[in-house]
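# Observations on the three-dimensional arrangement
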Amino acid sequence: MIPTRKTRTTLKTLKTPKIPPGPAPDASRQARAVRLGPRSKASLALVSAVGVASLTWPFFAPPEASAVAHAQDAPWLFAGVLALLVPVVAATIAESGLGPKAVAMLGMLAAAGAALRPIGAGTAGIEPMFFLMLLSGRVLGPGFGFVLGCVTMFASGLLTGGVGPWLPYQMLITGWFTMGAGLLPGADRLRGRAEILMLTVYGFVASFGYGTLMNMAGWTFMSPQTTTIAMDPTAGPAANLVRFLAYCVATSLGWDLGRALCTIVLTVTLGPTLLKALRRATRRAAFEAQVTFRGPGA
């Protein structure tokens, strides 16, 4: 049977259904794998406050404070608290919207970061893992970045045997590092050399920040009887600050500089390519797409 004009018009109408009017999607808007809700933000603020208190208490507690009497126990107590809080916060953020595609992305990036960390470990602070965390946080957002930093450092600790009271601090501080990259301005608009320059500056500062915060965590475990740069519970905050600065210069300044330079070099050389790859994968994953199912008669 030869289709008539009326039949062809009917078939054309069936093949091209009408799309209801509505606002066009913003192609320049960068999708987020995880959108932080009120509960996630509250739990993240809580664990961050506990983390800051656990790192900085020697600089604020006067010698006569009751907490100073337990100066040797406090680092272990804070490490135990963080070991409980950090996984809970990561799970809370994941529960707020970490779908199967985001979980797959998280597993891939965490495995890559854990594999990169042993490369150069013990050699002048060369740690390419932080370069990957920097760019991943920038593209995938602060919520995903915090979870990625925590999971990557935990997997790295299991892979390298670096499990100890320092691991909760490493997880929390790496989560801050990666989340900070997601909070940088211009996520939807800033591209090209300006973005790379911003990321290199942040990577340089954050690399030293990571080392300094980890020094605060390790410094409190030292006994003042073993060295003159350890925390002294009987000294005041000003004296302990001087001791801490001396500890940083003596133990980790070269390591932190190596980490910062490694992050800068990798960001400048590989950053543009990896940013494009991550953004292309994010667009194809369509994390924020609304999936609806209709019956055969719909």
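Scope of this entry: the structure provided in the associated data block. (Residues numbered from 1 in each chain as written. Predicted model: local features only at pLDDT ≥ 70, side-chain atom pairs only at ≥ 80, totals over all residues. Heavy atoms only, no water.)

## Section: the nonpolar core
Within the largest apolar cluster, 57 residues are counted, with the highest numbers of intra-cluster contacts made by Leu109, Phe144 and Phe146. Among the elements that line this core, the one with the most residues is helix H8 (residues 193–219), at 10 residues. Those residues in contact with leucine 109 that lie beyond four places of it in its chain are Leu132, Met133, Ser136, Leu140, Phe144, Leu148, Thr152 and Leu278. (Core = buried A, V, L, I, M, F, W, Y, C linked by side-chain atoms within 4.5 Å. Buried < 20%, exposed > 50% of the residue type's maximum accessible area, 1.4 Å probe, protein only. Helix = DSSP H or I, 4+ residues; strand = E, 2+ residues; numbered from the N terminus. Contact = heavy atoms within 4.5 Å.)

## Observations regarding the packing of aromatic side chains
Using the criterion set out here, one finds 5 aromatic pairs in the structure. On the basis of an interplanar angle of 75 degrees and a centroid distance of 5.4 Å, the ring pair of phenylalanine 130 and phenylalanine 177 is categorised as edge-to-face. Taken as a pair, phenylalanine 130 in helix H5 (residues 129–140) and phenylalanine 177 in helix H7 (residues 167–182) lie far apart in primary sequence, 47 residues in all. Look at phenylalanine 130 and you get buried, because its relative accessible area is 0%. Looking at phenylalanine 177, the relative accessible area reads 3%, which means it is buried. With a centroid separation of 6.0 Å and 45 degrees between ring planes, the pair formed by phenylalanine 177 and tyrosine 202 is classed as tilted. Linking phenylalanine 177 in helix H7 with tyrosine 202 in helix H8, this pair joins segments that are 25 residues apart in sequence. Owing to a relative accessible area of 18%, tyrosine 202 belongs among the buried residues under this scheme. A connected cluster of aromatic rings, assembled from ring pairs, spans Phe130, Phe177, Tyr202 and Tyr210. Here the guanidinium or amino end of arginine 259 rests over the ring plane of phenylalanine 130, the centre of that ring lying 5.4 Å away. (Phe/Tyr/Trp six-rings, centres within 6.5 Å; stacked < 30°, edge-to-face > 60°. Lys NZ or Arg CZ within 6 Å of the ring centre and 35° of its normal.)

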